[in-house]
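Here is how the chains run, residue by residue.
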Amino acid sequence: MQEWRAIKYLWIAIFALVLVWSGINPKDQFTWLLEVAPAIIGAALLAATRRSFPLTPMLYGLVLLHCVVLMVGGHYTYAEVPLFDGLFGSERNNYDKVGHFFQGFVPAILAREILIRKEVVNGSKWLVLFVISVCLAFSAFYELIEWWVAIAAGIGAEAFLGTQGYEWDTQSDMALALLGSCGALLTLSFLHDRQLAKLTP
């Protein structure tokens, strides 16, 4: 019990420290708010459901990692994160692609956990289909949100969009979310099943 409490406080500390760092002199205040909002909402949902629907340790860790990715992107904007310029011969900053990979990788385990524990589907093949479909739907919906924000905010949302002049940005974002969801299912399903078995129904 004490070990779980220590892990919980460590999770909160890491989240809070990165959030505070991210909010100190960000590249663009409006973009920072847009990028970190999902992380803050996610943390609030975890806090609200920690007793009624506690998650596996793996999933809590993955959610924290995803939040860090969002907050780093919010601080610099996704087009200007250090160390991600010109990777693999690209002429753009590819940090946003990391973000969209995580947009499939982490939600895949989240969807998998909810679908299994709520007994929504029967059979592993249906489970894989549903998890990937949820991740693709989430990715597509996020692209719609980016579009709506761009229309509402005009030029002020350019950093949030992060297209950097790449005409296939939306399609590649969704493809990376698909790759992330498949990667999560292939690499983490066995360990996830072991942690799910330890949870009290």
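All of these numbers come straight from a predicted model, not from anything done at the bench. (Residues numbered from 1 in each chain as written. Predicted model: local features only at pLDDT ≥ 70, side-chain atom pairs only at ≥ 80, totals over all residues. Heavy atoms only, no water.)

1. Here's the deal with the pattern of salt bridges
This is how the line gets drawn: Between Lys or Arg on one side and Asp or Glu on the other, a salt bridge is scored when a side-chain nitrogen of the former is within 4 Å of a carboxyl oxygen of the latter. Segments assigned H or I by DSSP are reported as helices when at least four residues long, segments assigned E as strands when at least two residues long, and all are numbered from the N terminus. Relative accessible area decides the class of each residue, using a 1.4 Å probe on protein chains only: under 20% of the type maximum gives buried, over 50% gives exposed, and in between gives partly exposed.
Under the defined criterion, the tally for this structure stands at 5 salt bridges. A salt bridge links K27 to E80, with the nearest nitrogen and oxygen atoms 3.3 Å apart. Of the two residues, K27 sits in the loop between α1 (2-23) and α2 (29-49) while E80 sits in the loop between α3 (57-76) and α4 (95-117), which places them 53 residues apart along the sequence. Overall, K27 belongs to the exposed group, its relative accessible area being 53%. A residue is classified by how much of its surface remains accessible, and E80, at 41% relative accessible area, is partly exposed. Here D193 ties to R112 by a salt bridge, and the two come within 2.9 Å at their closest N and O atoms. Residue D193 is found in helix α7 (residues 169-198), and its partner R112 is found in helix α4; the two are separated by 81 residues along the sequence. On the accessibility criterion, R112 (6% relative accessible area) is buried.

2. Some words on α7
The criterion, for reference: Expected helix span is given by 1.5 Å per residue-to-residue step, counting one fewer step than there are residues. At any given residue, the bend is defined as the angle formed between two axes, one fitted to the seven residues that end at that position and one fitted to the seven that begin there.
Here α7 is 30 residues long and its end C-alpha atoms lie 41 Å apart, about the 44 Å a rise of 1.5 Å per residue gives. In α7, a bend of some 60 degrees at L188 exceeds every other bend along the element.

3. Points about a nonpolar patch on the surface
Basically, it comes down to this: Patch building starts from residues that exceed 30% relative accessible area and form no salt bridge, then joins like charges within 9 Å and nonpolar side chains (Val, Leu, Ile, Met, Phe, Trp, Tyr) within 5 Å. Here the accessible surface of atoms and residues is derived via Shrake-Rupley with a 1.4 Å probe, and residues count as covered only by protein chains that are part of the display.
Where nonpolar side chains cluster on the molecular surface, the patch consists of F141, L144, W147, W148 and I151 and spans about 550 Å² of accessible area. Within the fold, W148 resides in helix α5 (residues 124-153). Since its relative accessible area comes to 42%, W148 is described here as partly exposed.

4. Comments concerning α3
The terminal C-alpha atoms of α3 lie 29 Å apart, and with 20 residues this matches the ideal 28 Å at 1.5 Å per residue to within 8%. Most of α3 sits out of view: 15 of its 20 residues are buried. Phi turns positive, to about 75 degrees, at T77, one or two residues after α3.

5. Considerations on the packing of α2 against α3
Just so we agree on the cut-off: Interaxial angle, 0 to 180 degrees, is taken between N-to-C directions of lines fitted to C-alpha atoms, where a helix line uses only the stretch in contact. Oblique is the label for every angle not falling under 35 degrees (roughly parallel), over 145 degrees (roughly antiparallel), or within 65 to 115 degrees (roughly perpendicular). The handedness criterion is simple: a crossing whose near helix is rotated anticlockwise from the far helix by less than a right angle is left-handed, and one whose near helix is rotated clockwise is right-handed. In this description, contact between two residues means that some pair of their heavy atoms is separated by no more than 4.5 Å. Throughout this entry, Asp, Glu, Lys and Arg are counted as charged residues, while Ala, Val, Leu, Ile, Met, Phe, Trp, Tyr, Cys and Pro are counted as nonpolar. The remaining residues, Gly among them, count as polar.
Direction vectors running N to C along α2 and α3 enclose 160 degrees, while the axes themselves pass 7 Å from each other. Accordingly, the angle class assigned to the pair α2 and α3 is roughly antiparallel. Our pair here, α2 against α3, has a crossing hand that is left-handed. Across the interface between the two elements, W32, E35, V36, P38, A39 and L46 from α2 touch Y60, V63, C67, L70, M71, G74 and H75 from α3. Taken together, the residues of the contact of α2 with α3 sort by class into 10 nonpolar, 2 polar and 1 charged.

6. Side note on the nonpolar core
Condition: Grouping buried Ala, Val, Leu, Ile, Met, Phe, Trp, Tyr and Cys residues that are joined through side-chain atoms within 4.5 Å yields what is termed a nonpolar core.
In terms of nonpolar packing, the biggest core is built from 39 residues, with W11, F15, L62, V63, M71, I109 and V131 touching the most fellow members. Of all the secondary-structure elements, those providing two or more residues to this core are α1, α2, α3, α4, α5 and α7. It is α3 that provides the largest number of residues to this core, a total of 11 residues. With sequence-adjacent residues up to four places away left out, M71 is seen in contact with F15, V18, L19, W21, S22, V36 and A39.

7. Some points on the confidence of the model for the chain
To be explicit about the condition: Scored from 0 to 100, pLDDT records how confident the predictor is in each individual residue.
In this model, the chain carries an average pLDDT of 87, and 88% of its residues clear a pLDDT of 70 or more. For the chain, the element scoring lowest by mean pLDDT is helix α6 (residues 158-161), at 52; α3 scores highest, at 96.

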